[in-house]
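As a plain string of letters, each chain reads:
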Protein chains: 2
Amino acid sequence: MTAGERRVAIVDAALQEFSEHGFEKATTDAVARRAGISQPYVIRLFGSKRAVFEAALDRAFTAVETAFSDAAAAAGGGDPLRAMGAAYGRLLEDRVLLMMLLQAFAASGDDRVKAVVRERMSRMHARVAELSGATPDRVREFFAMGMLLNVVAALELPELLGGPDWADRMCEAL
Amino acid sequence: MTAGERRVAIVDAALQEFSEHGFEKATTDAVARRAGISQPYVIRLFGSKRAVFEAALDRAFTAVETAFSDAAAAAGGGDPLRAMGAAYGRLLEDRVLLMMLLQAFAASGDDRVKAVVRERMSRMHARVAELSGATPDRVREFFAMGMLLNVVAALELPELLGGPDWADRMCEAL
DNA sequence: CAGGGTTGTAATCGGCTGATAACCATCCGG
DNA sequence: CCGGATGGTTATCAGCCGATTACAACCCTG
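Residues numbered from 1 in each chain as written. Chains lettered and ligands numbered in written order. Predicted model: local features only at pLDDT ≥ 70, side-chain atom pairs only at ≥ 80, totals over all residues. Heavy atoms only, no water.

What about the overall build of chain A?
Threshold: Secondary structure elements are defined from DSSP: runs of H or I of at least 4 residues count as helices, runs of E of at least 2 residues count as strands, and each element is numbered from the N terminus. Radius of gyration here is computed from C-alpha atoms only, and the compact-globule reference equals 2.2 Å multiplied by the residue count raised to the power 0.38. Buried, partly exposed and exposed residues are distinguished by accessible area as a fraction of the type maximum, computed with a 1.4 Å probe on protein chains only: under 20%, between the cut-offs, and over 50%, respectively. Throughout, a contact is declared for two residues whenever any of their heavy atoms are within 4.5 Å. In this count, Lys and Arg are taken as positive residues and Asp and Glu as negative ones, while His and the chain termini are left out. All charge positions are set by atom: Lys at NZ, Arg at CZ, Asp at CG, Glu at CD.
Tallying secondary structure elements over chain A gives nine helices and zero strands in all. Put simply, chain A runs from its N terminus to its C terminus through helices and strands in the order α-α-α-α-α-α-α-α-α. Against the globule reference of 16 Å for 174 residues, chain A gives a C-alpha radius of gyration of 17 Å, in line with a compact fold. Out of the 174 residues in chain A, the part that is buried amounts to 51%. Within chain A, residue pairs in contact and separated by at least 24 positions form 64% of the contacts whose partners lie at least 6 positions apart. One finds the centroid of the 21 positive side-chain charges in chain A at a distance of 5 Å from the centroid of its 24 negative side-chain charges.

Dropping the structure here:
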């Protein structure tokens, strides 16, 4: 397997580990085992644990951006913002991407992570505003609901549906 | 100083450390130094690092609940939900409480943390619905905007006001 | 088939950190 | 003044984890 393919596999594994455990608790050894290789090789291909984290974060943001672009393109005559919201809801299903974003927000105490997140969020905001043509108020509400859904995903509230009604109420936004 | 007073001081220190660094990266030694005592004493008074975290989390949730109750009580004839939103904005100013909540969400990969957060969020949701008398839709939007503000606080976007316009747009919700 | 680049591993190190154990100081009631 | 309860500390351990080093297998290409 080429180093490039290996890198992809490592980012796959890293996305799982970091999204579940966060930057600090996730170990490069767990990433390596998940990718089927040895821990030192992970470090060698990326240089450091932080670099692996940033690669995984980059993929997560890129996936969301792609989903938004595709949804807007496929919206046709409908409301692009609603189409993007539905696309985000679909991303929610596997929980991994969204948890990764939440972990990145939480890791923003670190200045480098914060800089990356700021830059990507800035891009995403501009892109959503451009694709949707919506008012600033609606765009803000769109992002607010997205953040709520991140937390809903983190707490695994969908599995509570049919339970306490507050979970229902929050989830029906989809 | 009595053990009870010491516990309060430790929770104060823990709130700072955990909110900034998250559960994993924050150290009991840093908490101890901030509280002006030795690291083993922190462990002895709380039993474990996790217990310190949970105590700090409890205080954060309680502070928010108190702020909401006070705001609703002081709302008079005005809109209680708007008053609570303003109160949340005021809490945002010191960033610590909100960051603590965000860290708790991120730490929800841990089942015990997740259980605590679910329970407290459930209580808070019920309380807000009761105090405000608002429709489920409005209550959900209220929480969504709160989650957005958490992220805004984490990324320290207010310091960007006057910079890229997306930060302005998100912050003007206050 | 020589040999260098590529892909990978085993062994190990070194620092950090939560937790434990043992000990010490101070205060106060009888 | 004695002795236990209370409020602490120092010293130390034991495990984890990221990173480094040195080495090994493989595969092309000339």
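Here the narrative resumes.
Observations concerning the environment of Glu17 of chain A
Counting through the fold element by element, Glu17 of chain A comes out in helix α1 (residues 3–25). As for Glu17 of chain A and Met84 of chain A, which are separated by 67 residues in sequence, their C-alpha atoms are 27 Å apart.

Remarks on the protein's contact with DNA strand D
This is how it is decided: Here, proximity means that at least one heavy atom of the residue falls within 4 Å of the molecule or strand. By the criterion applied in these results, polar contacts are pairs of N or O atoms within 3.5 Å in which, for protein atoms, one can donate a hydrogen and the other can accept it, and in which residues neighboring in sequence qualify only through two side-chain atoms. Three classes are used: nonpolar for Ala, Val, Leu, Ile, Met, Phe, Trp, Tyr, Cys and Pro, charged for Asp, Glu, Lys and Arg, and polar for all others, with Gly counted as polar.
Around DNA strand D sit 19 residues, and of these Thr28 and Lys49 of chain A together with Arg6, Ser38 and Arg44 of chain B come closest. Protein-adjacent atoms of DNA strand D, using a 4 Å cutoff, are sugar or phosphate at a proportion of 61%. Take Gln39 of chain A: an N or O atom from its side chain is 2.9 Å from a base nitrogen of DNA strand D. One nitrogen or oxygen atom from the main chain of Lys49 of chain A is found 2.8 Å from a phosphate oxygen belonging to DNA strand D. Of all the elements in the fold, those that place two or more residues in the surface near DNA strand D are α2 (28–35) and α3 (39–46) of chain A together with α1 (3–25) and α3 (39–46) of chain B. Considering each element in turn, the surface near DNA strand D owes the most residues, four residues, to α3 of chain A. Class assignment of the residues belonging to the surface near DNA strand D gives a composition of eight nonpolar, six polar and five charged.

Here we look at the relation of the copies chain B and chain A
Let me state the cut-off plainly: Here the copies are matched by least squares. The fit uses the C-alpha atoms of residues with pLDDT of at least 70 in both.
Turning chain B through 180 degrees and shifting it by 0.0 Å along the axis lays it on chain A, with an RMSD of 0.0 Å. Read as a symmetry element, the transformation amounts to a two-fold axis. Within chain B, Ala144 of chain B has its C-alpha nearest the rotation axis, a separation of 2.5 Å. In this assembly, 100% of the residues forming the interface of chain B have copies in chain A that are likewise at the interface, indicating an isologous arrangement.

Considerations on the pattern of salt bridges
Which entries qualify depends on this criterion: Basic side-chain nitrogens of Lys or Arg form a salt bridge, by our definition, when they fall within 4 Å of a carboxyl oxygen of Asp or Glu.
Scanning all chains against the criterion turns up 28 salt bridges over all chains. Residues Glu65 of chain A and Arg120 of chain A are paired through a salt bridge, measuring 3.5 Å at the closest nitrogen-oxygen approach. With Glu65 of chain A in helix α4 (residues 49–74) and Arg120 of chain A in helix α7 (residues 111–132), the pair connects residues that are 55 residues apart, well separated along the chain. The salt bridge partner of Arg50 of chain B is Asp110 of chain B, with a shortest N-O separation of 2.7 Å. Here Asp110 of chain B lies in the loop between α6 (96–106) and α7 (111–132) and Arg50 of chain B lies in helix α4 (residues 49–74), a separation of 60 residues in the sequence. With a relative accessible area of 24%, Arg50 of chain B lands in the partly exposed category. Assessed through its relative accessible area of 18%, Asp110 of chain B is described here as buried. One connected set of salt bridges, linked through shared partners, spans Asp58, Glu65, Arg120 and Arg123 of chain A.

Some points on the protein's contact with DNA strand C
What surrounds DNA strand C is a group of 19 residues, the closest being Arg6, Ser38 and Arg44 of chain A together with Thr28 and Lys49 of chain B. Counting only atoms of DNA strand C within 4 Å of the protein, the fraction found in sugar and phosphate groups is 57%. With respect to DNA strand C, the side chain of Thr28 of chain B contributes an N or O atom lying 2.7 Å from a phosphate oxygen. In this structure, a base nitrogen belonging to DNA strand C sits 2.9 Å away from a side-chain N or O atom of Gln39 of chain B. When contributions to the surface near DNA strand C are tallied by element, the ones reaching two or more residues are α1 and α3 of chain A together with α2 (28–35) and α3 of chain B.

Re helix α6 (residues 96–106) of chain A
Residues three or four positions apart in an α-helix share a direction because the helix packs 3.6 residues into each turn. In terms of burial, α6 of chain A is largely enclosed, as eleven of its eleven residues are buried. Residues of α6 of chain A that are buried include every one of Val96, Leu97, Leu98, Met99, Met100, Leu101, Leu102, Gln103, Ala104, Phe105 and Ala106 of chain A, and no others.

Quick notes on the side chain of Thr28 of chain A
All names here are of chain A. Among the secondary structure elements, Thr28 is positioned in helix α2. Residue Thr28 is classed as buried on the basis of its relative accessible area of 15%. There is a polar contact of 3.3 Å between the side chain of Thr28 and the side chain of Gln39. Excluding residues within four positions of it along the chain, Thr28 makes contact with Gln39, Val42, Ile43 and Lys49.

Quick word on the environment of Glu24 of chain B
Residue placement: Glu24 of chain B occurs in helix α1. Taking relative accessible area as the criterion, Glu24 of chain B reaches 32% and is therefore assigned partly exposed. As a C-alpha pair, Glu24 of chain B and Ala74 of chain B span 50 residues in sequence and 39 Å in three-dimensional space. Non-local contacts of Glu24 of chain B, meaning those with residues more than four positions away in its chain, are made with Glu24 and Lys25 of chain A together with Lys49 of chain B.

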